[in-house]
Amino acid sequence: MGTTALDPLDLFDVSSELSEEEAMVRDTVARFVDDRVIPVMREAFEKHEFPDHLVGEVAGLGLLGSSIEGYDCAGMNAVSYGLICQELERGDSGLRSFVSVQSSLVMFPIHAYGSDEQKARWLPAMARGEAIGCFGLTEPQGGSDPANMKTHAKRDGDDWVLNGSKMWITNATIADAAIVWAKTDEGVKGFIVEKGMPGYEAQEIENKFSLRASVTGALFFDNVRVPKENVLPGTSTLKGPLSCLTQARYGIAWGVIGAAQACLDEALNYAQDRVLFGRPISHTQTVQVRLADMARRITTAQWLALRLGRLKDEGRLVPTQVSLAKWNNCRAALDIARDARDILGGSGISAEYVPVRHMLNLESVITYEGTETIHQLVVGKELTGVNAFG
Ligand code: TGC
Ligand code: FAD
């Protein structure tokens, strides 16, 4: 039988829709992931360690705050940011998470809502990977409903006094600065809380079975005095933090395609080599149906992501579209990872093969940045005009 002319990981040739510059960004990050990321990720996951030696390399490639113009940032378009996420997550969701948080949840709000001094102080350092950030919105009593946050801040002279806690925070213990969202008499405000401020503590959450190569922690604020210079002046409603989520969710909708591609690639290779009942399992109808279904889901996810990126670059993106894509693409990637794990049989539970690691990671990815139900309800609200959250 002749080999197919189509790329199994890009059946509809989405690649040909990319500009020369976008394809170059993708190829550069892909080489970095093949050479520097994939070789270390299995061990990082097993040891429950973030591979922090990669931060400087990621920064050197211009991948931190890549969409921002100026401030030593690369000023790339939204499609390029998506492709960066896709290639990084082909390596591991943990490294993509690091880049998402730094770029979309920390540098984005400083750039969008910060003062000139805040931008000048933090953005170049963050682009170079010399300062690391985290984003504190979720609280222990329920991440889906951030309007119910308990963390609060009160003015006291020229300072604000911050009390409360945040839970499940990526980069918590390695962050030099945390963007912390708190209720105040003047609305929901964003505070830049710096490492070492008295009363501020970050604690790592250990024993995770998912995103083991990413740092996750809790933040505690006990009468932390935050100077007024550290308050983001440009926002005082929940829309501020929610607008950051739109940026990060956009990147995730792309990122999970990479994880799904890695799983299909592994399942294809395994199915072609694994001989049972006298023939490779790839020659059986049911395995072919399953592989074809993975390719169908990846193809759909790729087109959704590309369309989303083009809308974003045209300034026409709305959050409901991001919700639909985050929901669809995370669901597709998780289902593909679980099925790839099964096609590998017993080998599928071994860290020698990538599907089980991606599968475990994707359990977090489908939960954070809005659970599947939250995104379904956002789309439901758009269709019916009725808010079904309450
Ligand atoms: P609601 O009344 O709907 O909205 C309040 C205001 O915000 C606007 N808005 C948005 N703006 C931009 N982007 C979005 N995604 C937005 N969603 C809403 C909205 O238009 C409104 O504006 P205005 O002018 O009318 O006041 O607010 P609600 O309290 O009813 O909540 C809606 C809901 C449930 C969708 C929202 O609370 C939600 O998205 N919940 C999920 C929370 C979530 O996703 N948390 C993620 C935490 S960060 C994280 O997980 C990082 S993981 C990173 C990693 O490691 O990669
Ligand atoms: P809950 O909100 O308690 O939800 C529990 C269940 O209830 C879910 O199945 C949910 O879908 C369902 N549910 C909720 N509302 C409804 C409804 N109206 N109708 C029906 N069902 C509903 N947060 C940050 O702020 N910053 C970070 O950097 C960050 N990083 C994270 C990293 C990891 C590894 C993880 C796991 C989480 C991270 N999060 C972060 C938190 C994440 O955003 C939350 O876990 C997520 O928003 C869900 O909140 P929750 O875990 O409290 O679940």
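Just so it is clear, the structure is predicted and the values come from calculations on it, not from any experiment.

Draft legend 1. Spatial organisation of the environment of Phe220. Here Phe220 is to be found in strand β7 (residues 216–227). For Phe220, a relative accessible area of 32% translates into the label partly exposed. Considering only alpha carbons, one finds Phe220 and Ile132, 88 residues apart in sequence, at a separation of 18 Å. Those residues within four positions of Phe220 in sequence are excluded, and the remaining contacts are Gly164, Ser165, Gly199, Tyr200, Glu201 and Gln203.

Draft legend 2. Examining the site of ligand 2 more closely. What surrounds ligand 2 is a group of 19 residues, the closest being Thr138, Gly143, Ser144, Trp168 and Thr371. In this structure, a nitrogen atom belonging to ligand 2 sits 2.8 Å away from a main-chain N or O atom of Phe135. For ligand 2, an oxygen atom lies 2.6 Å from a polar atom in the side chain of Ser144. Calculation on ligand 2 without its partners gives an accessible area of 980 Å², and the protein chains cover 68% of this total. Put simply, the parts of the chain that give the shell around ligand 2 at least two residues each are β3 (159–170) and α10 (372–384). The element contributing the most residues to the shell around ligand 2 is β3, with 3 residues. Two domains each put at least three residues into the shell around ligand 2: domain 2 (133–230) and domain 3 (239–384).

Draft legend 3. Region of interest: the packing of helix α3 (residues 78–91) against helix α9 (residues 355–365). It is the contact of α3 with α9, at a shortest axis distance of 10 Å, that shows an interaxial angle of 130 degrees. Viewed along their axes, α3 and α9 adopt a mutual orientation that is oblique. Here Glu89, Arg90 and Gly91 of α3 lie close against α9, whose contacting residues are Arg357, His358, Leu362 and Val365. Class assignment for the residues of the contact of α3 with α9 results in 2 nonpolar, 2 polar and 3 charged.

Draft legend 4. Looking closely at helix α4 (residues 93–113). With 21 residues, α4 should reach 30 Å at 1.5 Å per residue; the first-to-last C-alpha distance of 28 Å fits that figure. At Met107, α4 shows its largest kink, close to 35 degrees, and the proline Pro109 lies no more than four residues downstream. With 18 of its 21 residues buried, α4 lies for the most part within the structure. Residue Asp92 occupies the N-cap position of α4, its side-chain oxygen lying 2.7 Å from the main-chain nitrogen of Gly94.

Draft legend 5. Expanded view of the packing of aromatic side chains. Scanning the entire structure with this criterion turns up 7 aromatic pairs. Measuring from centroid to centroid gives 5.8 Å for Tyr270 and Tyr353, while their planes differ by 90 degrees, and the two rings are edge-to-face. Residue Tyr270 is found in helix α6 (residues 239–273), and its partner Tyr353 is found in the loop between α8 (319–343) and α9; the two are separated by 83 residues along the sequence. A relative accessible area of 11% means that Tyr270 is categorised as buried.

What counts, and where the lines are drawn
For every chain, the first residue of its written sequence is number 1, and the numbers climb from 1 along that sequence. Chains carry letters and ligands carry numbers; both start at the beginning, A for chains and 1 for ligands, and go up in the order they are written. At least 70 in pLDDT is required for a residue's local features to be given in this predicted model, at least 80 for side-chain atom pairs to be given and counted, and no such filter applies to totals for whole chains, interfaces and linings, which use all residues. Based on all heavy atoms of the structure, the side-chain values leave hydrogens and waters out of the count. Secondary structure is summarised from DSSP: a helix means a run of H or I of at least four residues, a strand means a run of E of at least two, and numbering begins at the N terminus for each. Burial status follows relative accessibility: with a 1.4 Å probe on protein chains alone, a residue under 20% of its type maximum counts as buried, one over 50% as exposed, and anything between as partly exposed. In what follows, residue pairs with any heavy atoms lying within 4.5 Å of each other are defined as contacts. The near set for a molecule or strand comprises every residue that places at least one heavy atom within 4 Å of it. Side-chain atoms alone can form a polar contact between residues adjacent in sequence; in general such a contact is a pair of N or O atoms within 3.5 Å, and within protein one must be able to donate a hydrogen while the other accepts it. In these tables, accessible area is a Shrake-Rupley quantity obtained with a 1.4 Å probe, and a residue counts as shielded only by the protein chains included in the view. These domain limits were set by an automatic method or by a database of domain assignments. Interaxial angle, 0 to 180 degrees, is taken between N-to-C directions of lines fitted to C-alpha atoms, where a helix line uses only the stretch in contact. Any angle that falls under 35 degrees is termed roughly parallel, while one over 145 is termed roughly antiparallel, one within 65 to 115 roughly perpendicular, and all others oblique. Polarity classes work like this: nonpolar for Ala, Val, Leu, Ile, Met, Phe, Trp, Tyr, Cys and Pro, charged for Asp, Glu, Lys and Arg, and polar for all others, with Gly in that last group. In a helix, the anticipated span is given by 1.5 Å times the number of residues less one. Two axes define the bend at a residue: one fitted to the seven residues ending there, one fitted to the seven starting there, and the bend is the angle between them. Only the six-membered ring of Trp is used, alongside the rings of Phe and Tyr, when aromatic pairs are assigned; centres must lie within 6.5 Å, and planes under 30 degrees apart are stacked while those over 60 apart are edge-to-face, with the rest tilted.

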